[in-house]
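Coordinate analysis (summary)
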Protein chains: 2
Amino acid sequence: MSYKIAVDAMGGDNAPAEIIKGSILAMKDDETIEILFVGDEDAIRKELEENGYKKEVKIVHTEQAIDMDESPKKALLAKPKASIAEATRLLHKGDADALVSAGSTGATILAAAQNLDMVKGIERSGLAAIYPTARFDKSTSGFSLILDVGATLHCSSKQLIHFAFMGSYYVSHILGIENPRVALLNIGEEETKGGEILTKTYRYLQEIESINFIGNVEGKDIPYGVADIIVTDGFVGNIALKMMEGVGNLLKQTGKYAFKKKLSWKLGIVFLASGLKRLKQKTDYSEYGGAPILGFEKLVIKAHGRSNAKAISNAIKVAKRSIEEDVCAHISDSILNFNKQHKIDFLDI
Amino acid sequence: MSYKIAVDAMGGDNAPAEIIKGSILAMKDDETIEILFVGDEDAIRKELEENGYKKEVKIVHTEQAIDMDESPKKALLAKPKASIAEATRLLHKGDADALVSAGSTGATILAAAQNLDMVKGIERSGLAAIYPTARFDKSTSGFSLILDVGATLHCSSKQLIHFAFMGSYYVSHILGIENPRVALLNIGEEETKGGEILTKTYRYLQEIESINFIGNVEGKDIPYGVADIIVTDGFVGNIALKMMEGVGNLLKQTGKYAFKKKLSWKLGIVFLASGLKRLKQKTDYSEYGGAPILGFEKLVIKAHGRSNAKAISNAIKVAKRSIEEDVCAHISDSILNFNKQHKIDFLDI
């Protein structure tokens, strides 16, 4: 048995060097992993050679690639053969069963939307970010998943419920958290908060037996990790995720800019630095393999743009696991089953 | 000349004691301030006496009051004579020209909506929170204003533009920041990001000469204070504001719960504590007088629920300033002027 994973060799700040290195790492660690490289063949072969990898690999050559800061829409129009576009087409054709890219998030989502089918039962895709929380007890990983963080800006109740299904399945089967807690991001804990769409979503989620719905959580709960999966629309999720990024950056810089004359503050930062380093180890994005884009016929993993070889290798292993667990088909089944049992197809919500 | 300010004597965690103390502080500091106390007359008189305040004061007696954790809607129905309801009615009648309450935010906004008119030109009210940022240069206060944070959950372009007008006027005339920078909270910097409503809002804001619009900011920019006013809808603003609260709480607790065995981490926290104390002084809500609720015929200031006397006193001084500056009328004028100049009344957006 082998697991075919397409890798966008040209996507990411450190492409293609770290992407190829990471792919080699993954293939060496796990011989069932078979990589389909998409990108500039010469560049890919050169990196393989430099890393002393001698086995035969599959490469689909394309000279076009999308930079991190290009407008996804324009870039995909201007470069129809961009590596990420080719990779999603190959995925749809069946040449691979999952895809890893560290390239532009927008281009990855858009290429997937253009070239992949949605899985049956799902209307819109969700980009699920995994973020570190203050929860470091032994039973959990200390990570939570928040979705959507930018694929679907404004969502119906139906779409939010689908996100709950997708997030819950992914966290339990891929991240290995049993019976993960699903929460809805809202402006208050009461069922009736947040307007009609969220109130409806709340009521439906309460009825879904396969989802461990714990109710609404508020903005203040996000960093605490009170839920394993936080469901929200793409606009709000994007703002929340980037705020966490901003606060993180700020903490790192605080020592440099603020309170320059205050010795104890500076000392605090110095001492904290080693703690932060430990925290970083716990929360390093390279550990958990990137953000899954859920809802398509096959799993696409968006690795961090700054991914190093280790991060890419982990993303590839997560992609393998998603094939093993048949994540996309199972998510589809669970939603179609729920619809059938409840004799609804969510058409009205 | 005297400035008549209604004070909800029964609202807040420390009511009525700290509310009365703070009112006395304000009246002693500034003899042009005339307070209209709304609440339990006996309790108010007792506090006045205990604080040795002998001058005549106006009190409108009511026995009903709304607790912090009551449902605003139900509480206002069950207690039609609640102090906050009475206070907003007195404001509308003209017995006072601004109102300060440290009570339930929801009840304050709802009572205002029930008993006050909107100012001409404005459709919906905005709750504007003032939050500390990483910007501590000499030219600015280090605070930014974000609105709306919960009064109007989902907004049209017109309503967002109104928030920009209101926030900009408030920050320049009450907080004293010249030509304050207004930004729109979005998922990317480009004009076309975030969907139709935000794209339209962006285009209009660019045309408004009296607003110093600097474009879109993202979630990561919020803690940096890159803008003096961040405009967003009430749902997103509420999530963002509460996230900041959550991160703040988390930082305070981190030393206790995480990395218990790591000495340097603990030391770091100890040293940081004194820095944080300084930060707290800079960012203490008692300094800037609470969150204005903008859009009504008269200004309502929602002081923090945990307000002490000093915070109440500052909120009252801000309320006085709003009367002096005639904030509500000026906001209305600037919007009506803009509509006239551009021969639009925003009816279509």
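As the structure is a computational prediction, the values presented were derived from the model and not from experiment.

Basis of the calculations
Residues numbered from 1 in each chain as written. Chains lettered and ligands numbered in written order. Predicted model: local features only at pLDDT ≥ 70, side-chain atom pairs only at ≥ 80, totals over all residues. Helix = DSSP H or I, 4+ residues; strand = E, 2+ residues; numbered from the N terminus. Buried ≥ 20, exposed ≤ 12 C-beta atoms within 10 Å, placed from the backbone. Contact = placed C-beta atoms within 7 Å. Pairing = 2+ DSSP bridges. Axes fitted to C-alpha atoms, helices over the stretch in contact; angles between N-to-C directions. Domains from an automatic or database assignment. Right-handed = clockwise from strand over helix to strand, strands pointing away. pLDDT = per-residue confidence, 0-100. Parallel < 35°, antiparallel > 145°, perpendicular 65-115°, else oblique. Left-handed = near helix turned anticlockwise from the far one by under 90°. Nonpolar A, V, L, I, M, F, W, Y, C, P; charged D, E, K, R; others polar. Arc of directions from axis to C-beta.

This part is about the overall build of chain A. What chain A contains, in helices and strands, is 12 helices and 11 strands. Considering chain A as a whole, with its 349 residues, one finds that 55% of them fall into the buried category. Considering only contacts within chain A whose residues lie at least 6 apart along the sequence, 73% involve residues at least 24 apart.

Quick look at the sheet that holds strand β6 (residues 143–147) of chain B now. Residues and elements named next belong to chain B. An order of β3-β2-β1-β4-β11-β10-β5-β6-β9-β7-β8 is seen for the 11 strands of this open sheet, with the pairing classed as mixed. Looking at which strands have only one partner, the edges of the open sheet turn out to be β3 (58–61) and β8 (212–217). If you compare each strand with its neighbour and ignore which way they point, the axes differ by 25 degrees on average. For β6 and strand β9 (residues 229–231), the ladder comprises 3 bridges, and the chain directions are parallel. The residue bridging L145 from the neighbouring strand is I229, located in β9.

Residue and element names in this part refer to chain A. One can read the domain layout of chain A as domain 1 (3–122 + 295–328) and domain 2 (126–285). Listed by partner, the interface residues are 12 residues for domain 1 and 11 residues for domain 2. Every element with two or more residues in the side of domain 1 that touches domain 2 is listed here: α5 (105–115) and α11 (309–324). Here the element with the most residues in the side of domain 1 that touches domain 2 is α11; it accounts for 4 residues.

In this section: the pairing of strand β7 (residues 181–185) of chain A. All names here are of chain A. In terms of residue burial, β7 counts as a mostly covered element, since 5 of its 5 residues are buried. Residue alternation in β7 divides its side chains into two sets, R181, A183 and L185 and V182 and L184, and both sets are buried. In the sheet, β7 pairs with strand β8 (residues 212–217) via 5 bridges, with the strands oriented parallel. Within β8, the residue paired with L185 across the bridge is V217. Crossover connection from β7 via helix α7 (residues 196–207) to parallel β8: handedness right-handed. Where β7 meets strand β9 (residues 229–231), 3 bridges bridge the pair, whose relative direction is parallel. When the sheet's bridge partners are listed, A183 is paired in β9 with I230.

What follows is about the confidence of the model for chain A. Residue-level pLDDT values for chain A average 88, and 85% of them are 70 or greater. In this model residues 257–261 of chain A is a low-confidence stretch, pLDDT under 50, and it forms 5 contacts with partners more than four residues away in sequence or in other chains.

Residues and elements named next belong to chain A. Look at helix α1 (residues 17–29) against α11: their axes get within 7 Å of each other, and the N-to-C directions meet at 50 degrees. In this view, α1 runs oblique relative to α11, as classed from their interaxial angle. When the axes of α1 and α11 are compared, the crossing they make is right-handed. Of the residues in α11, those touching α1 at E18, I19, K21, G22, S23, L25, A26 and D29 are A309, K310, A311, I312, S313, I316 and K317. Residues of the contact of α1 with α11, tallied by class, amount to 7 nonpolar, 3 polar and 5 charged.

Residues and elements named next belong to chain B. Along helix α2 (residues 41–50), the positions that sit buried rather than exposed are I44, E47 and L48. With its buried residues spanning 100 degrees around the axis, α2 presents them on a single face. With respect to the buried face of α2, the exposed residues turned more than 90 degrees away are D42, E49 and E50. The inward-facing, buried residues of α2 contact α1 (17–29), β2 (33–39) and β3. Just downstream of α2, G52 is the residue with a positive phi angle, here 70 degrees.

Residues and elements named next belong to chain A. A sheet is described by the order of its strands in space; here 11 strands give the open sequence β3-β2-β1-β4-β11-β10-β5-β6-β9-β7-β8, paired in mixed fashion. Unpaired on one side and paired on the other, β3 (58–61) and β8 mark the two borders of the sheet. Taking each pair of neighbouring strands and ignoring which way they run, the sheet shows an average axis angle of 25 degrees. Pairing of strand β4 (residues 98–101) with strand β11 (residues 299–302) involves 4 bridges; the strand directions are parallel. From the neighbouring strand, L99 faces β11, where its bridge partner is V300. Set on the sheet, helix α6 (residues 157–173) makes contact with β5 (126–132), β6 (143–147), β7, β9 and β10 (291–294); between it and β9 the angle comes to about 165 degrees.

Residues and elements named next belong to chain A. At a closest axis distance of 9 Å, the pairing of helix α4 (residues 83–93) and α5 adopts a crossing angle of 40 degrees. One finds that α4 runs oblique with respect to α5. The handedness of the crossing between α4 and α5 is right-handed. Contact residues: I84, A85, T88, R89 and H92 in α4; A107, T108, A111, A112 and N115 in α5. Classifying every residue of the contact of α4 with α5 by side-chain character gives 5 nonpolar, 4 polar and 1 charged.

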